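What follows is each chain in one-letter form.
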Amino acid sequence: MASSDKRIMSGMRPTGRLHLGHYFGALSNWVRFQSQYDSYFSIVDWHALTTKFQNTREVQGHIWEIALDWLCVGIDPDAATVYVQSAVPEIAELHLLMSMLTPHNWVEREPTLKDMVKMLDSDESAAKEKITYGLLGYPVLMTADILTFKGQLIPVGKDQESHLEFARDVCRRFNKLYDVDYFPEPKPEFTETPLLKGIDGQKMGKSFNNDIKIADTESDTEKKVKQMITDRTRLAKSDPGHTDLCEIPWPMYKVFAKDRPDYLAQVKNECETPLIGCVDCKKRLAGEVNDFFRPFREKRELLAADPDRVRKIIEHGNSKARKVAKQTLSEVRDIMGMVDWNKD
Ligand code: SF4
């Protein structure tokens, strides 16, 4: 039972199995939120199609993987509504209605569109060809995701507040145009997002092949941790290490052992004295990662072996979400003075 009746809404694109960054940056917060707020967590497959329109079948497979990742880390379908975006067609209808009242320059000014263009292709003109009507409109779809469920709180990192501004602008415009106080303005629920780099020192990402996945095996995890860049100035085991120059393992220790200051002080001391070499230090870190994720991975295996159970969980969430969405759309049509031709 949530301790507040405020509604929180968030989603993830199904583009592959999730990694440590997703867990510490989002999912660990969602697990906390589900006991605090009326929580709606969406697998936003239409958003995945904005860039993966040539691989639609792949996206469907990823929905399954994401559901397993969410459930194994503790997203509780009895505490939160877990659903697939495309199972709720009312979101698409609201997206359409909102697109009618959204000025086109609001969409074009979105700073994240420029980042997406770069991500699509390093060649700018080739990338531009991949900007579809759907991709350009993704902020409107994101707004519809939130407004369909009248989301009041949206988890964002401090640096992502602007992403929410668009939805707030559209929400205000709707309320003003139709002279109502219908949609609540979504507000940010700030979350801490620890910066976890990939094993190569670049941003950790599913598509960069540098991530440690929640679903990785223990030996895969060990192999990946072994490849992590450490302190580049430390050439031999007998050289003292510098935790402040250690690129990946030390920041990762700080995430995994954030509640164990004495242990962190011990790791730092052993590194800088030096009582330990980077090879052994990384072996120990791999053990930390594996110990932390072992219960999740075990649960994931059990869930993966019981597809009927997972399917039922998703279908139950879809039907809960759809009930709310139908109500919203019926009210929105009313406000806009549109006849509901399908009304029973
Ligand atoms: S000993 Fe550990 S913390 Fe120190 S530089 Fe090497 S990997 Fe990093």
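**Student:** Give me the lowdown on the overall build of the protein chain, citing residues and values where you can.
**Tutor:** Helix and strand content of the protein chain: 15 helices and 5 strands. In terms of overall size, the protein chain behaves like a compact globule, its C-alpha atoms giving a radius of gyration of 22 Å where 344 residues would be expected to give roughly 20 Å. Projecting the C-alpha coordinates of the protein chain onto the three principal axes gives extents of approximately 80 × 45 × 35 Å. Look at the contacts in the protein chain between residues 6 or more apart in sequence, and 77% of them connect residues 24 or more apart.

**Student:** So what's going on with unusual backbone geometry? Which residues, and what values?
**Tutor:** A negative phi holds for most residues other than glycine; trans holds for most peptide bonds. In this structure, proline 274 follows threonine 273 across a cis peptide bond, with omega equal to -5°. Positionally, proline 274 belongs in the loop between α13 (261–272) and α14 (278–304). Phi at asparagine 209 takes a positive value of approximately 55°, unusual for a residue other than glycine. Considering the arrangement of structural elements, one finds asparagine 209 in the loop between β5 (187–190) and α11 (218–226).

**Student:** Describe the site of the ligand, naming the residues involved and giving the relevant values.
**Tutor:** Around the ligand, 13 residues are found, and the nearest of them are Gly241, Cys246, Cys271, Cys278 and Cys281. Contributing elements (two or more residues each) for the shell around the ligand: α12 (249–256) and α14. For the shell around the ligand, the class distribution of residues is 7 nonpolar, 3 polar and 3 charged.

**Student:** Lay out the pairing of strand β4 (residues 153–156) with the relevant residues and their values.
**Tutor:** Bridge count for β4 against β5 is 4 bridges, and the pairing is parallel. Each residue of the ladder has a partner; that of valine 156, found in β5, is phenylalanine 190. For the segment spanning β4, helix α10 (residues 161–177) and β5, crossover handedness is right-handed.

**Student:** I'd like a description of the domain arrangement of the protein chain, backed by residues and values.
**Tutor:** What the domain assignment reports for the protein chain is domain 1 (7–195 + 307–336) and domain 2 (216–301). Put simply, the middle of domain 1 and the middle of domain 2, counted by C-alpha atoms, are 34 Å apart. Taken residue by residue, the interface counts 5 residues in domain 1 and 4 residues in domain 2. At 3 residues, helix α3 (residues 56–73) tops the list of elements feeding residues into the side of domain 1 that touches domain 2. Residue composition of the side of domain 1 that touches domain 2, by class: 5 nonpolar, no polar and no charged.

**Student:** Explain the nonpolar core residue by residue, including any values.
**Tutor:** Ranked by internal contacts, the top residues of the largest apolar core, which has 76 residues, are Trp70 and Ile75. With 8 residues, α3 is the largest single contributor of residues to this core. Inspection of this core shows a minimum of three residues originating in each of domain 1 (7–195 + 307–336) and domain 2 (216–301). In this structure, isoleucine 75 is in contact with Leu27, Trp30, Val31, Gln34, Phe41, Trp70, Ala80 and Val82, ignoring residues within four places of it in sequence.

**Student:** An account of the environment of asparagine 55 is needed here, citing residue identities and associated values.
**Tutor:** Among the structural elements, asparagine 55 can be located in the loop between α2 (45–52) and α3. In this structure asparagine 55 comes out as partly exposed when scored by C-beta crowding, with 14 C-beta atoms within 10 Å. Along the backbone, asparagine 55 and leucine 264 are 209 residues apart, and their C-alpha atoms lie at a distance of 44 Å.

Cut-offs used in this document
- Residues numbered from 1 in each chain as written.
- Predicted model: local features only at pLDDT ≥ 70, side-chain atom pairs only at ≥ 80, totals over all residues.
- Helix = DSSP H or I, 4+ residues; strand = E, 2+ residues; numbered from the N terminus.
- Rg over C-alpha atoms; globule rule 2.2 N^0.38 Å.
- Contact = placed C-beta atoms within 7 Å.
- Near = placed C-beta within 6 Å.
- Nonpolar A, V, L, I, M, F, W, Y, C, P; charged D, E, K, R; others polar.
- Pairing = 2+ DSSP bridges.
- Right-handed = clockwise from strand over helix to strand, strands pointing away.
- Domains from an automatic or database assignment.
- Core = buried A, V, L, I, M, F, W, Y, C linked by C-beta atoms within 7 Å.
- Buried ≥ 20, exposed ≤ 12 C-beta atoms within 10 Å, placed from the backbone.

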